[in-house]
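Summary of structural features
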Protein chains: 2
Amino acid sequence: MLGRLYGIGLGPGDPELMTLKAVRCLQAAPVVAYFAKRGRRGHARAIADHAMPAHCEEVALEYPVTTEIALEDPAYAASLAPFYTEAAATLARHLAAGRDVALLCEGDPLFFGSFMHLYIRLRDDFPVTIVPGVSGMSGCWSAAGLPMSWGDDVVTILPGTLPAEVLTAKLRASDAAVIMKIGTNFVKIRAAVEAAGLLTDAVYVERGTMEGERVMPLADKRDGVAPYFSVILLPGHGRRP
Amino acid sequence: MLGRLYGIGLGPGDPELMTLKAVRCLQAAPVVAYFAKRGRRGHARAIADHAMPAHCEEVALEYPVTTEIALEDPAYAASLAPFYTEAAATLARHLAAGRDVALLCEGDPLFFGSFMHLYIRLRDDFPVTIVPGVSGMSGCWSAAGLPMSWGDDVVTILPGTLPAEVLTAKLRASDAAVIMKIGTNFVKIRAAVEAAGLLTDAVYVERGTMEGERVMPLADKRDGVAPYFSVILLPGHGRRP
């Protein structure tokens with residue numbers, strides 16, 4: 001009997017935004033794995049703390065380096081391949097021995113999740129259950145109380161790593177937008193939003209649903225720094241009876 | 001003391017995909033409201049059934065007409081205004097009397113949710129808490145086991161009500177896409193996906209996470225009919241170390 005891999009969406013950060021299914025699947029798991037920076041417990045593990053099984057083997061999958069900037073560099077991305085391959089092999093040993101493995105995923109497992117890198121390496125050999133989660137962006141627009149999309153709005157989700165002129169063009173072509181991966185791209189992104197004529201519409205949300213949550217008009221955020229857990233929201237204005 | 005309005009995201013359909021917070025807020029509510037077609041219990045009420053408070057007043061907000069097609073007609077959308085205004089007034093009476101009201105929302109409350117029409121009518125007068133939920137599209141791509149977006153993918157969420165040539169152009173300009181609001185637009189949408197050269201990539205999901213769930217390649221779906229709870233997914237192919 002092979003073990004089953006569970007990709008468990010944990011939601012945007014507030015532990016109470018885990019689903020009932022996430023809690024049930026997690027609590028039944030003999031092995032719980034999670035990504036973390038080297039030497040840290042990691043954000044996913046912290047969200048799940050209240051729901052961890054009483055007895056389980058914990059497997060920390062530690063990223064090879066710890067700097068945020070390097071993670072966005074294509075050269076560094078390539079260097080992640082051996083890490084993901086080794087992490088998949090670690091989980092495969094448990095699964096082959098018949099032990100279910102719950103892999104903790106911030107947000108939703110299949111939406112920009114590290115989970116996917118292990119999933120595509122394991123899904124042909126082992127049964128998998130994916131437990132969807134509340135996305136980080138959903139946590140952010142809820143924290144802002146911002147209705148995002150109405151009627152026939154087109155919604156675009158943009159990585160802040162895109163060139164400024166591409167961001168501006170895509171913002172102009174959308175009814176509503178979410179800009180993710182802000183970090184060191186903040187100054188460029190803010191200028192791109194302004195160039196699209198949308199600065200007064202944009203809302204900046206930092207650490208949505210988490211401790212230290214901040215919501216403010218993007219126009220009011222004038223420093224050049226944004227943490228990893230931040231998004232910029234451009235709400236839609238579609239049909240409103 | 002005013003009552004508080006809770007917009008409670010119920011997730012994509014599987015009752016177990018409600019969050020812990022949704023269950024807690026719902027179970028504490030003296031008044032539970034939900035949208036429904038006239039004479040039906042409604043989908044939201046059915047999802048929440050397992051978590052309803054033992055004692056509460058239920059308020060069914062019944063849409064004025066019951067045909068699916070008419071809901072997409074702009075003329076009909078305009079006719080919804082008095083319905084939403086009256087529904088907001090109904091909830092306002094409870095809130096003004098100090099009773100909290102939980103309004104059930106399929107998916108996520110602020111992402112194409114009917115909740116928003118009452119929210120914008122009530123938020124200036126009453127305190128509001130929004131509980132984000134797992135989106136319907138997330139339930140669908142999880143049901144399909146389909147990794148949706150990687151690395152720097154641009155993800156576009158498209159209403160199937162758009163003209164075919166607009167859909168095709170937007171699909172060509174995206175790395176990944178979700179097409180919603182399919183229903184009677186199915187034949188047009190399938191042709192638009194094919195015109196974009198993406199038919200072999202596309203996955204059709206019907207009733208994701210619900211009873212009667214179906215997942216199939218869009219290429220294999222040749223009949224012209226799709227229910228309200230269906231989406232078409234175009235997965236991204238971004239950076240994969």
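Residues numbered from 1 in each chain as written. Chains lettered and ligands numbered in written order. Predicted model: local features only at pLDDT ≥ 70, side-chain atom pairs only at ≥ 80, totals over all residues. Heavy atoms only, no water.

1. Describing the interface of chain A and chain B
Put simply, the rule is: The contact rule is simple, with two residues in contact once any of their heavy atoms fall within 4.5 Å. Once two parts are joined, some of their accessible surface, as seen by a 1.4 Å probe, is lost; buried area is that loss totalled over both. Every case where a carboxyl oxygen of Asp or Glu lies within 4 Å of a side-chain nitrogen of Lys or Arg is listed as a salt bridge. We define a polar contact as two N or O atoms separated by no more than 3.5 Å, with the added condition that, inside protein, one atom must be a possible hydrogen donor and the other a possible acceptor, whereas residues neighbouring each other in sequence contribute only through side-chain atom pairs. The helix and strand labels rest on DSSP assignments: H or I over at least four residues marks a helix, E over at least two residues marks a strand, and numbering proceeds from the N terminus.
At the junction of the two partners, chain A supplies 59 residues and chain B supplies 59 residues. For the pairing of chain A and chain B, the buried interface totals around 4,800 Å² over both sides, and the portion due to carbon and sulfur atoms is 63%. A per-residue breakdown of the area chain A buries against chain B is headed by Glu16, Leu20 and Pro241 of chain A, which together make up 15% of the total. Our enumeration of links across chain A and chain B arrives at four salt bridges. A salt bridge links Glu16 of chain B to Arg24 of chain A, with the nearest nitrogen and oxygen atoms 2.4 Å apart. The interface formed by chain A and chain B contains 26 residue pairs in polar contact (both at pLDDT 80 or more). Secondary-structure elements contributing two or more residues to the side of chain A that touches chain B are α1 (20-27), α4 (74-96), α5 (115-122), β5 (128-131), α6 (136-144) and β6 (155-159) of chain A.

2. Concerning the sheet that holds β5 of chain A
Residue and element names in this part refer to chain A. Basically, it comes down to this: Each pair of strands is called paired provided DSSP finds at least two bridges between the two strands. Fitted lines through C-alpha atoms serve as axes, helices being fitted only where they are in contact, and the angles separating the N-to-C directions of these axes extend from 0 to 180 degrees.
The strand order across the open sheet built from five strands is β3-β2-β4-β1-β5, with neighbouring strands paired in parallel fashion. With one partner strand each, in any of the chains shown, β3 (57-62) and β5 form the two edges of the open sheet. Direction aside, the axes of adjacent strands within the sheet are offset by 20° on average. With respect to the sheet, α5 is in contact with β1 (5-9), β2 (31-36), β3, β4 (101-105) and β5, its orientation differing from that of β5 by roughly 160°.

3. Regarding the nonpolar core
For clarity, the cut-off: Take the buried Ala, Val, Leu, Ile, Met, Phe, Trp, Tyr and Cys residues and link them wherever side-chain atoms come within 4.5 Å; each set so joined is a nonpolar core. Classification of residues uses two cut-offs on accessible area relative to the type maximum, computed with a 1.4 Å probe and protein chains only: under 20% is buried, over 50% is exposed, and between them is partly exposed.
Counting 88 residues, the largest nonpolar core has Leu118 of chain A together with Leu118 of chain B as the members making the most contacts within it. Counting 22 residues, the second largest nonpolar core, distinct from the first, contains Leu171, Ile182, Ile232 and Leu234 of chain B.

4. So, the domain arrangement of chain A
All names here are of chain A. Convention followed: The split into domains, and so the bounds of each, comes from an automatic or database assignment of domains. Charged residues are taken to be Asp, Glu, Lys and Arg, nonpolar residues to be Ala, Val, Leu, Ile, Met, Phe, Trp, Tyr, Cys and Pro, and polar residues to be all remaining types, Gly included.
We note that the domain assignment places domain 1 (5-134) and domain 2 (137-234) within chain A. Of note, the centres of domain 1 and domain 2, computed from C-alpha atoms alone, are 27 Å apart. With twelve residues of domain 1 at the interface, the matching set in domain 2 holds 14 residues. Here domain 1 packs against domain 2, burying approximately 940 Å² in sum over the two surfaces, 72% of which is carbon and sulfur. Counting every contact that joins domain 1 to domain 2 gives zero salt bridges. There are one residue pair in polar contact (both at pLDDT 80 or more) connecting domain 1 and domain 2. By residue class, the composition of the side of domain 1 that touches domain 2 is six nonpolar, two polar and four charged.

5. Examining the packing of helix α7 (residues 164-172) of chain B against helix α8 (residues 186-195) of chain B
Residues and elements named next belong to chain B. To keep things clear, this is the line we draw: What sets the label is the angle itself: under 35 degrees gives roughly parallel, over 145 gives roughly antiparallel, 65 to 115 gives roughly perpendicular, and the rest give oblique. Each crossing is labelled by how the near helix is turned from the far one, with a counterclockwise turn of less than a right angle marking it left-handed and a clockwise turn marking it right-handed.
Packing of α7 against α8 brings their axes to within 8 Å, and their N-to-C directions diverge by 40°. Looking at the two axes, α7 sits oblique to α8. For the pair α7 and α8, the sense of crossing is right-handed. Side by side, α7 and α8 meet where Ala164, Leu167, Thr168, Leu171 and Arg172 of the first sit next to Lys188, Ile189, Ala192, Val193 and Ala195 of the second. Across the contact of α7 with α8, the residue classes tally to seven nonpolar, one polar and two charged.

6. Notes on the side chain of Thr209 of chain B
All names here are of chain B. Note on placement: Thr209 falls in the loop between β8 (203-206) and β9 (214-217). Of note is the side chain of Thr209, whose polar atom sits 3.1 Å from the backbone nitrogen of Asp14. With sequence-adjacent residues up to four places away left out, Thr209 is seen in contact with Pro12, Gly13, Asp14, Leu17, Gly139 and Ala143.

7. Regarding helix α7 (residues 164-172) of chain A
Along an α-helix, a turn takes 3.6 residues, which lines up residues three or four apart on a common side. Residue and element names in this part refer to chain A. Spelled out, the test is: Think of the arc as the fan of directions from the helix axis to the C-beta atoms.
Among all positions in α7, only Leu167, Thr168 and Leu171 are buried. Down the axis of α7, the smallest arc covering the buried residues is 100°, so these residues share one side. In this fold, the buried residues of α7 make contact with β6, β7 (176-180), α8 (186-195) and β10 (230-234).

8. A word on the packing of aromatic side chains
Residue and element names in this part refer to chain A. The cut-off we apply is this: Stacked, edge-to-face and tilted are the three classes for Phe, Tyr and Trp ring pairs, Trp counted by its six-membered ring, which pair at centre distances within 6.5 Å; planes under 30 degrees apart are stacked, over 60 edge-to-face, the rest tilted.
Summed over all chains, the structure comprises 20 aromatic pairs over all chains. Considering the side-chain rings of Tyr63 and Phe83, the 5.3 Å spacing of their centres and the 45° angle between planes classify their relative orientation as tilted. Pair noted here: Tyr63 is in the loop between β3 and α3 (68-71) and Phe83 is in helix α4, with a separation of 20 residues, a long-range link. Taken individually, Tyr63 and Phe83 each receive the classification buried, so the pair is uniform in this respect. Seen from their ring centres, Phe186 and Tyr204 are 5.9 Å apart, and the 80° between their planes marks the pair as edge-to-face. Residue Phe186 is found in helix α8, and its partner Tyr204 is found in strand β8 (residues 203-206); the two are separated by 18 residues along the sequence. In this structure, Phe186 and Tyr204 share a single accessibility class: buried.

9. Some words on the relation of the copies chain A and chain B
To be explicit about the condition: A residue counts toward the fit only if its pLDDT is at least 70 in both copies, and the copies are then superposed by least squares on the C-alpha atoms of those residues.
At an RMSD of 0.0 Å, chain A and chain B line up after a rotation of 180° and a shift of 0.0 Å along the axis. In short, the pair behaves as if placed about a two-fold rotation axis. Both copies present the same face, since 100% of the interface residues in chain A are matched by interface residues at the equivalent positions in chain B.

10. Some thoughts on the state of the cysteines
Condition: Put simply, a disulfide is two cysteine sulfurs that come within 2.5 Å.
Under the definition given, this model contains zero disulfides over all chains. Counting only cysteine sulfurs, Cys25 of chain A is the nearest neighbor of Cys105 of chain A, a cysteine outside any disulfide, at a range of 12 Å. For Cys105 of chain A, a relative accessible area of 6% puts it in the buried group. Summary of cysteine pairing: Cys140 of chain B is not part of a disulfide, and the nearest cysteine sulfur, belonging to Cys105 of chain B, is at 18 Å.

11. Digging into the confidence of the model for chain A
For the record, the criterion: Per-residue confidence from the predictor is given as pLDDT, running between 0 and 100.
Model confidence for chain A is summarised by a mean pLDDT of 93, while 95% of its residues fall at 70 or above. ipTM for the predicted complex: 0.95, alongside a pTM of 0.95.

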